[in-house]
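Coordinate analysis (summary)
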Amino acid sequence: AFHGRILARRVVGQETRYEVEVKARYRQRFPLVSREYLWVPNTCGCPPLREAGEYLLMARRHVNHEHTLNRILLQDDGYARPWTPREARLVREAARHC
């Protein structure tokens with residue numbers, strides 16, 4: 001779970017790649033750097049993320065069996081909400097209990 005600002009959107013094949021500035025990390029099962037690519041396995045714009053928008057995102061690390069692909073994946077029905085201080089507080093509280 002992290003707070004990110006969308007810098008750019010690009011369709012690559014049958015997927016959408018977002019360049020994201022990571023502003024805060026809430027729960028980390030894998031390391032994140034200040035700029036990451038977030039992949040969505042469709043081109044329909046689901047979930048709707050707009051450039052320059054800030055979101056609370058819950059994604060997972062996807063590594064293929066050959067370990068040649070290692071990326072952050074947000075399912076099209078994944079958790080992506082506009083970031084607000086209230087939303088951030090709720091996630092911080094939940095992370096302490098989970």
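Note on numbering: residues in each chain are counted from 1, in written sequence order. Local features are withheld for residues below a pLDDT of 70 in this predicted model, meaning they are given only at 70 or higher, and side-chain atom pairs are given and counted only at 80 or more; totals for whole chains, interfaces and linings count all residues. Water and hydrogen atoms play no part in the side-chain values, which are based on all heavy atoms of the structure.

For the chain, per-residue confidence averages 87 on the pLDDT scale, and residues scoring 70 or more make up 96% of the total. When the elements of the chain are averaged for pLDDT, helix H1 (residues 85-97) gives the smallest value, 80, and strand S1 (residues 2-12) the largest, 95. On a range of 0 to 100, pLDDT expresses the predictor's confidence in each residue. Each helix corresponds to a stretch of at least 4 residues labelled H or I by DSSP, and each strand to a stretch of at least 2 residues labelled E; elements are numbered beginning at the N terminus.

Quick look at the packing of aromatic side chains now. Stacked, edge-to-face and tilted are the three classes for Phe, Tyr and Trp ring pairs, Trp counted by its six-membered ring, which pair at centre distances within 6.5 Å; planes under 30 degrees apart are stacked, over 60 edge-to-face, the rest tilted. Here the structure, examined in full by the defined rule, presents 0 aromatic pairs. Directly above the aromatic system of Tyr37 lies the positively charged group of Arg17, at a separation of 4.1 Å from the ring centroid. Across the ring face of Trp39, the terminal group of Arg71 is positioned such that the distance to the ring centre comes to 4.7 Å. Either the NZ atom of lysine or the CZ atom of arginine qualifies as a charge over a ring when it sits within 6 Å of the ring centre and within 35 degrees of the ring normal.

A word on the sheet that holds strand S5 (residues 60-63). Strands pair, by our definition, only if DSSP identifies at least two bridges between them. Spatially, 7 strands are ordered S5-S6-S3-S2-S1-S4-S7 in an open sheet, and the strand pairing comes out mixed. Both edges of this open sheet fall to S5 and strand S7 (79-82), since each of them pairs with a single strand only. Taken over all neighbouring pairs, the strand axes of this sheet differ in orientation by 45° on average, direction set aside. When strand S2 (residues 15-25) meets strand S3 (residues 35-40), the two strands line up antiparallel, connected through 6 bridges. Paired with Glu19 across the two strands is Tyr37, which belongs to S3. Orientation is described by axes fitted as lines to C-alpha atoms, over the contacting stretch for helices, and by angles from 0 to 180 degrees between their N-to-C directions.

Residues belong to one nonpolar core when they are buried, are Ala, Val, Leu, Ile, Met, Phe, Trp, Tyr or Cys, and are joined through side-chain atoms within 4.5 Å. Remark: exposure states derive from per-residue accessible area (1.4 Å probe, protein chains only) relative to the maximum for the residue type, with buried under 20%, exposed over 50%, and partly exposed in between. The biggest cluster of nonpolar side chains holds 14 residues, and the ones touching the most others in it are Tyr18, Leu38, Leu49 and Leu57. Every element with two or more residues in this core is listed here: S1, S2, S3 and strand S4 (54-58). Ranked by the residues each element gives to this core, the list is headed by S2, at 3 residues. Here a residue-residue contact requires only that any non-hydrogen atoms of the pair lie within 4.5 Å. With residues up to four places along the chain from it excluded, the contact list for Tyr18 reads Ile6, Ala8, Arg9, Glu36, Tyr37, Leu38, Val40, Pro47 and Leu49.

It is worth spelling out the environment of Ala52 at this point. Along the polypeptide, Ala52 turns up in the loop between S3 and S4. Not counting residues within four places of it along the chain, the set of residues in contact with Ala52 comprises Arg5 and Ile6.

Moving on, we come to unusual backbone geometry. Going from Cys46 to Pro47, the amide bond is cis rather than trans, its omega being -5°. You will see that Ala52, though not glycine, has its phi angle at about 75°, which is positive. The partly exposed category is assigned to Ala52, whose relative accessible area is 45%.

What follows covers the side chain of Arg71. Relative to the helices and strands, Arg71 is located in strand S6 (residues 70-73). Polar contacts, as counted here, are pairs of nitrogen or oxygen atoms within 3.5 Å of one another; within protein the pair requires one atom able to donate a hydrogen and one able to accept it, and residues that are adjacent in sequence qualify only if both atoms are side-chain atoms. A distance of 2.6 Å separates polar atoms of two side chains, one belonging to Arg71 and the other to Glu15. Beyond its immediate chain neighbours, meaning those up to four positions away, Arg71 contacts Glu15, Trp39, Arg60, Arg61 and His62.

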